[in-house]
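Here is what each chain is made of, one letter per residue.
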Amino acid sequence: MTTQAEVFNQLKEILVDQLDVDVDKITLATNFKNDLELDSLDVYEVIDHIEDTYDIEIDADTDSGLETVGGLVDYILKATAK
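The rules behind the values
Residues numbered from 1 in each chain as written. Predicted model: local features only at pLDDT ≥ 70, side-chain atom pairs only at ≥ 80, totals over all residues. Heavy atoms only, no water. Core = buried A, V, L, I, M, F, W, Y, C linked by side-chain atoms within 4.5 Å. Buried < 20%, exposed > 50% of the residue type's maximum accessible area, 1.4 Å probe, protein only. Helix = DSSP H or I, 4+ residues; strand = E, 2+ residues; numbered from the N terminus. Contact = heavy atoms within 4.5 Å. Expected span 1.5 Å × (residues − 1). Arc of directions from axis to C-beta. Axes fitted to C-alpha atoms, helices over the stretch in contact; angles between N-to-C directions. Parallel < 35°, antiparallel > 145°, perpendicular 65-115°, else oblique. Left-handed = near helix turned anticlockwise from the far one by under 90°. Nonpolar A, V, L, I, M, F, W, Y, C, P; charged D, E, K, R; others polar.

Asker: Please clarify how the nonpolar core should be interpreted in this entry.
Answerer: In a soluble, globular protein the nonpolar side chains are often hidden away together inside. Counting 21 residues, the largest nonpolar core has Leu-11, Leu-15, Phe-32, Ile-50, Val-69, Leu-72 and Ile-76 as its most contacted members. Elements represented by at least two residues in this core include exactly α1 (4-19), α2 (40-54) and α3 (69-80). Among the elements that line this core, the one with the most residues is α1, at six residues. Contacts of Leu-15, omitting those with residues within four sequence positions, involve Asp-20, Val-21, Ile-26, Phe-32, Leu-36, Val-46 and Val-69.

This is how it looks when you write it as structure tokens:
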């Protein structure tokens, strides 16, 4: 079973690789749009990569809780636990 720390570390790697984001800016409380200034294309690229990495599907309409890194980590953990 994957832990929160493992998912968080993988997500940090994805953000750094895909978007050239400073790893020090990424915490569980980091907001994608406000803190990392991601636009909708950036968010799409990250979601696409996450779906491929974890073999899950993230509903584009599922916005609640996905504004922060921690929210996305929790979403991934729930989706992969099924």
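Continuing now.
Asker: Looking at this structure, how should I read α1?
Answerer: Quick reminder: α-helices carry 3.6 residues per turn. Residues three or four places apart thus point the same way. If you check α1, its first and last C-alpha atoms are 22 Å apart, about what 16 residues at 1.5 Å a residue would give, namely 22 Å. Residues of α1 that are buried include every one of Val-7, Phe-8, Leu-11, Lys-12, Ile-14, Leu-15 and Leu-19, and no others. The buried side chains of α1 occupy one side of the element, clustering within an arc of 165° when seen end-on. Within α1, the exposed residues directed more than 90 degrees away from the buried face are Glu-13 and Asp-17. Looking one or two residues beyond α1, the residue adopting positive phi is Asp-20, at roughly 55°.

Asker: Explanation requested: α3 in the structure shown.
Answerer: The end-to-end C-alpha distance of α3 is 16 Å, a good match for the 16 Å that twelve residues give at a rise of 1.5 Å each. All of the buried residues along α3 are Val-69, Gly-70, Gly-71, Leu-72, Val-73 and Ile-76. The inward-facing, buried residues of α3 contact α1 and α2.

Asker: Please explain the packing of α1 against α3 as it appears in this structure.
Answerer: Each packed pair of helices is defined by two parameters, the angle between the axes and the distance between the axes. As a packed pair, α1 and α3 sit with axes 10 Å apart at the nearest point and diverge in direction by 120°. Classified by the angle between their axes, α1 and α3 sit oblique to one another. The handedness of the crossing between α1 and α3 is right-handed. Residues Gln-4, Val-7, Phe-8, Leu-11 and Leu-15 of α1 form the contact with α3, whose participating residues are Val-69, Leu-72, Val-73, Asp-74, Ile-76 and Leu-77. Class assignment for the residues of the contact of α1 with α3 results in nine nonpolar, one polar and one charged.

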